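Commentary on secondary and tertiary structure
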Amino acid sequence: MEKTLTTEKANSDRYVQLENVDMTFSTKKGDFNALKNINLSIREGEFVSIIGHSGCGKSTVLNLIAGLTQPTEGLLFCAGREIAGPGPQRAVVFQNHSLLPWLTCYENVYLAVERVFCTSAEKKEPKTQLKTRTDAALELVGLTHATDKRPNEISGGMKQRVGIARALAMEPKVLLLDEPFGALDALTRANLQDELMKIMAK
Ligand SMILES: Nc1ncnc2c1ncn2[C@@H]1O[C@H](COP(=O)(O)OP(=O)(O)OP(=O)(O)O)[C@@H](O)[C@H]1O
Ligand SMILES: [Mg+2]
């Protein structure tokens with residue numbers, strides 16, 4: 001059964017909350033304990049960076065918040081509800097772009113927009129509105145000129161920007177970024193970091 005936090009705890013002070021989270025992976029060599037007793041509270045509007053050496057468990061934490069994996073022990077909440085799986089309110093941008101290669105930049109973003117805003121008979125935005133959302137997200141990351149190109153026709157930085165456009169177009173409450181610029185050269189990375197800060201401010 002889905003657990004809910006008490007109203008006092010569910011306030012905006014603790015929009016995302018991890019309580020005594022443990023993560024143990026079963027491997028061929030036995031159990032591997034990646035996270036032990038992690039507690040974290042994130043307020044609405046807060047920008048949090050998780051820093052640590054390679055293999056310390058950063059991606060593991062993000063995957064848990066994204067709902068892609070379940071903790072071995074402990075609880076995770078978002079907006080007062082237990083995180084039971086992936087959901088459109090928590091969007092992820094991965095280190096490697098994860099775009100569908102047979103779709104154009106536009107179609108990659110549109111697919112996500114359709115999944116979020118046109119899901120059922122009750123929640124069915126008209127196609128023009130879905131198009132407006134897709135165009136706006138691509139414009140935000142400066143890719144209006146590349147909408148009809150496929151991932152193999154654009155640069156690494158542009159692919160990452162499509163990934164960010166796709167995540168933002170879903171209007172998530174939480175944006176999870178797992179080193180999305182890690183594979184880029186220093187100059188492109190610095191530019192995209194600046195762009196991201198401007199998008200966040202918007
Ligand atoms: N599915 C898995 N099965 C077994 N072990 C795993 C699995 N996923 C992660 N691990 C282990 O858990 C630890 C944490 O991994 P994680 O990917 O979270 O590290 P990270 O901090 O994101 O590292 P990096 O900076 O290199 O991305 C590592 O030792 C890794 O080998
Ligand atoms: Mg990682």
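Above this text you will find the structure in question.
The residue numbers shown here count from 1 along each chain, following its written sequence. Naming scheme: in the order in which they are written, chains are lettered from A and ligands are numbered from 1. Under the rules for a predicted model, residues below a pLDDT of 70 receive no local features and side-chain atom pairs below 80 are neither given nor counted, while totals for whole chains, interfaces and linings still include all residues. Just so you know, side-chain values use all the structure's heavy atoms and leave hydrogens and water out.

1. Things to note about the packing of helix α4 (residues 156-169) against helix α5 (residues 186-201)
Here an angle of 0 to 180 degrees is reported between the N-to-C directions of two axes, which are lines fitted to C-alpha atoms, with helices fitted over the stretch in contact. A run of DSSP states H or I qualifies as a helix once it reaches four residues; a run of E qualifies as a strand once it reaches two. Both are numbered from the N-terminal end. Across the interface, α4 lies against α5 with an axial gap of 11 Å and an inter-helix angle of 20°. The pairing of α4 with α5 is recorded here as roughly parallel in orientation. The interaxial crossing formed by α4 with α5 has right-handed handedness. Contacts from Gly-157, Gln-160, Arg-161, Ile-164 and Leu-168 in α4 reach Thr-188, Leu-192, Glu-195, Leu-196 and Ile-199 in α5. If an angle is under 35 degrees, it is roughly parallel; if it is over 145, roughly antiparallel; if it lies from 65 to 115, roughly perpendicular; otherwise it is oblique. The hand of a helix crossing depends on one turn: near helix anticlockwise from the far one by less than a right angle means left-handed, and clockwise means right-handed. By the convention used here, residues are in contact when the closest approach between their heavy atoms is within 4.5 Å.

2. Things to note about the site of ligand 1
Around ligand 1 sit 13 residues, and of these Ser-54, Gly-55, Lys-58, Ser-59 and Thr-60 come closest. The separation between an oxygen atom of ligand 1 and a polar side-chain atom of Lys-58 is 2.7 Å. Any N or O atom pair separated by 3.5 Å or less is treated as a polar contact, with the protein-specific requirement of one donor-capable and one acceptor-capable atom, and with residues adjacent in sequence counted only for side-chain atom pairs. In the environment of ligand 1, an oxygen atom lies 2.8 Å from a nitrogen or oxygen atom belonging to the side chain of Ser-59. Note on areas: Shrake-Rupley, 1.4 Å probe, and residue coverage restricted to the protein chains presented here. Contact with the protein chains removes 62% of the 630 Å² of surface that ligand 1 exposes when unbound. When residues of the shell around ligand 1 are traced back to their parent elements, those giving at least two are β1 (16-27), β2 (30-42) and α1 (58-66). Element by element, the count of residues in the shell around ligand 1 is highest for α1, at 3 residues. Looking at the shell around ligand 1 residue by residue, the classes come out as 4 nonpolar, 7 polar and 2 charged. Being near a molecule or strand, for a residue, comes down to having at least one heavy atom within 4 Å of it. Nonpolar residues are Ala, Val, Leu, Ile, Met, Phe, Trp, Tyr, Cys and Pro. Charged residues are Asp, Glu, Lys and Arg, and all others, Gly as well, are polar.

3. Points about unusual backbone geometry
With the exception of glycine, most residues fall at negative phi, and the peptide bonds are largely trans. Of note in this structure, Asn-20 is not a glycine but carries a positive phi near 45°. Mapped onto the secondary structure, Asn-20 falls in strand β1.

4. Things to note about the packing of aromatic side chains
When two rings of Phe, Tyr or Trp (its six-membered ring) have centres within 6.5 Å they constitute a pair, described as stacked for plane angles under 30 degrees, edge-to-face for angles over 60, and tilted for the intermediate range. Going through the model one piece at a time under the given rule, you end up with 1 aromatic pair. Counting as a charge over the ring demands two things of the Lys NZ or Arg CZ atom: a distance within 6 Å of the ring centre and an angle within 35 degrees of the ring normal. Sitting above the plane of the Phe-117 ring, Arg-133 keeps its charged end 3.6 Å from the centroid.

5. Details of the nonpolar core
Joining through side-chain atoms within 4.5 Å is the link that ties buried Ala, Val, Leu, Ile, Met, Phe, Trp, Tyr and Cys residues into a set, and such a set is a nonpolar core. For every residue, the accessible area (1.4 Å probe, protein chains only) is compared with the maximum for its type, and the residue is labelled buried under 20%, exposed over 50%, or partly exposed between those bounds. Counting 30 residues, the largest nonpolar core has Val-109, Leu-138, Leu-143 and Val-162 as its most contacted members. Secondary-structure elements contributing two or more residues to this core are β5 (90-93), α2 (105-117), α3 (127-140), α4 and α5. No other element matches the 8 residues that α2 contributes to this core. Leaving out residues up to four positions away in the same chain, Val-162 has contacts with Leu-99, Cys-105, Asn-108, Val-109, Leu-143 and Ile-154.

6. Brief notes about the packing of α2 against α4
Direction vectors running N to C along α2 and α4 enclose 20°, while the axes themselves pass 9 Å from each other. In this view, α2 runs roughly parallel relative to α4, as classed from their interaxial angle. Once α2 is placed against α4, the crossing between them reads as right-handed. Listed contacts from α4 to Cys-105, Asn-108, Val-109, Ala-112, Val-113 and Phe-117 of α2 are Val-162, Ala-165, Arg-166 and Ala-169. Of the residues contributing to the contact of α2 with α4, the split by class is 8 nonpolar, 1 polar and 1 charged.

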